[in-house]
Amino acid sequence: MKNFLFSFAMMFSACTLSAQTNIVESLQTNRIGEGKVTVHQSVQLTHLIGTRYIRKGTDSQHALKARGYRVQVYAGNNSRKARDEAQEVSSKVKEKFPEMPVYTFFQPPRWLCRVGDFKSIEEAHVAMRQLKSTGVFKEVTIVREQIFIPIE
């Protein structure tokens, strides 16, 4: 009986929480025996709560940010030569695999070149094997990173 009451209470609280549209409305709900909370903020800010960040690309393509995987094809030091090598590797990847997005950037203390936006490690592994099979990219590895998922 105790377990039944506990599970019923959990289901009831889950249903009431899911009925709330955002945390501001949840905070401002009057409850017996509790204090009153008033939140003063603009309506635009209230509507942004709980929405996902959308990135607009240069070609006006939208994408969601999410955790995923990329294939790292180059990692150098912080010299000008390393920057040039990272750019060179980037252009080789774009030449051989034009459909894969390439990201070349400086993450202190080194220059990195990473390829792809893969949701699963399996997808990243397939791309890694494709990159290795060319013979051009020797030291490739899979890294977990924030990726961009296109919205159609």
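Cut-offs used in this document
- Residues numbered from 1 in each chain as written.
- Predicted model: local features only at pLDDT ≥ 70, side-chain atom pairs only at ≥ 80, totals over all residues.
- Heavy atoms only, no water.
- Helix = DSSP H or I, 4+ residues; strand = E, 2+ residues; numbered from the N terminus.
- Buried < 20%, exposed > 50% of the residue type's maximum accessible area, 1.4 Å probe, protein only.
- Areas by Shrake-Rupley, 256 points an atom, 1.4 Å probe, with all protein chains shown as cover.
- Salt bridge = Lys/Arg side-chain N within 4 Å of Asp/Glu carboxyl O.
- Phe/Tyr/Trp six-rings, centres within 6.5 Å; stacked < 30°, edge-to-face > 60°.
- Pairing = 2+ DSSP bridges.
- Polar contact = N/O pair within 3.5 Å; in protein donor to acceptor, adjacent residues only side chain to side chain.
- Contact = heavy atoms within 4.5 Å.
- Core = buried A, V, L, I, M, F, W, Y, C linked by side-chain atoms within 4.5 Å.
- Patch = residues over 30% accessible without salt bridge, like charges linked within 9 Å, V, L, I, M, F, W, Y side chains within 5 Å.

Explain the overall build of the protein chain to me, using residue names and the numbers behind them.
Looking only at helices and strands, the protein chain has five helices and five strands in total. When the 152 residues of the protein chain are sorted by exposure, 26% land in the buried category. Surface accessibility of the protein chain: about 11200 Å² in total, with carbon and sulfur atoms responsible for 56%.

Now, about the pattern of salt bridges: what can you tell me, with residues and values included?
With the rule as written, the count across this model stands at seven salt bridges. Glu34 is the salt-bridge partner of Arg31, the closest N and O atoms lying 3.9 Å from each other. Residues Asp117 and Arg70 are paired through a salt bridge, measuring 2.8 Å at the closest nitrogen-oxygen approach. Placement of Asp117 in strand 4 (residues 110-118) and of Arg70 in strand 2 (residues 62-75) is noted, with a sequence separation of 47 residues between them. Salt bridges sharing partners connect three or more residues here, namely Arg70, Arg114, Asp117 and Glu145.

Residues and numbers for the packing of aromatic side chains, please.
The geometry of an aromatic ring pair comes down to the distance between the two centres and the angle between the two planes. Inspection of every chain in the model, using the stated rule, returns two aromatic pairs. Taking 6.3 Å as the distance between ring centres and 50 degrees as the angle between the ring planes, the aromatic pair formed by Tyr103 and Phe148 counts as tilted. Residue Tyr103 is found in strand 3 (residues 102-107), and its partner Phe148 is found in strand 5 (residues 141-150); the two are separated by 45 residues along the sequence. Its relative accessible area of 16% is what places Phe148 among the buried residues. Geometrically, the ring pair formed by Phe106 and Trp111 is tilted, given 5.4 Å between the ring centres and 55 degrees between the ring planes.

Which residues make up the pairing of strand 4, and what values go with them?
The buried count for strand 4 comes to seven of nine residues, which makes it a mostly enclosed element. Pairing of strand 3 with strand 4 involves six bridges; the strand directions are antiparallel. When the sheet's bridge partners are listed, Tyr103 is paired in strand 4 with Arg114. Where strand 3 hands over to strand 4, the hairpin turn is made up of two residues, counted between the paired strands.

How would you summarise the side chain of Gln72 if you had to cite specific residues and measurements?
Take Gln72: it is sitting in strand 2. Relative accessible area serves as the criterion here: at 12%, Gln72 is assigned to the buried category. Among the polar contacts made by the side chain of Gln72, one reaches the side chain of Arg114 at a distance of 2.8 Å. The residues touching Gln72, leaving out its near neighbours within four places in the chain, are Leu112, Cys113, Arg114, Glu139, Val140, Thr141 and Val143.

Describe the nonpolar core, naming the residues involved and giving the relevant values.
Val71, Val73, Leu131 and Phe137 are the most contacted members of the largest nonpolar core, which totals 21 residues. Discounting chain neighbours no more than four positions away, the residues touching Leu131 are Val71, Val73, Phe97, Val115, Phe137 and Val140.

Account for a nonpolar patch on the surface, with residues named and values stated.
Residues Ile23, Leu27 and Val37 make up a contiguous nonpolar surface patch of about 250 Å² in total accessible area. Taking relative accessible area as the criterion, Val37 reaches 36% and is therefore assigned partly exposed.

Go over unusual backbone geometry, please, and point to the residues and values.
Of the consecutive residues Pro108 and Pro109, the connecting peptide bond is found in the cis state with omega at 10 degrees. Note that Pro109 resides in the loop between strand 3 and strand 4.

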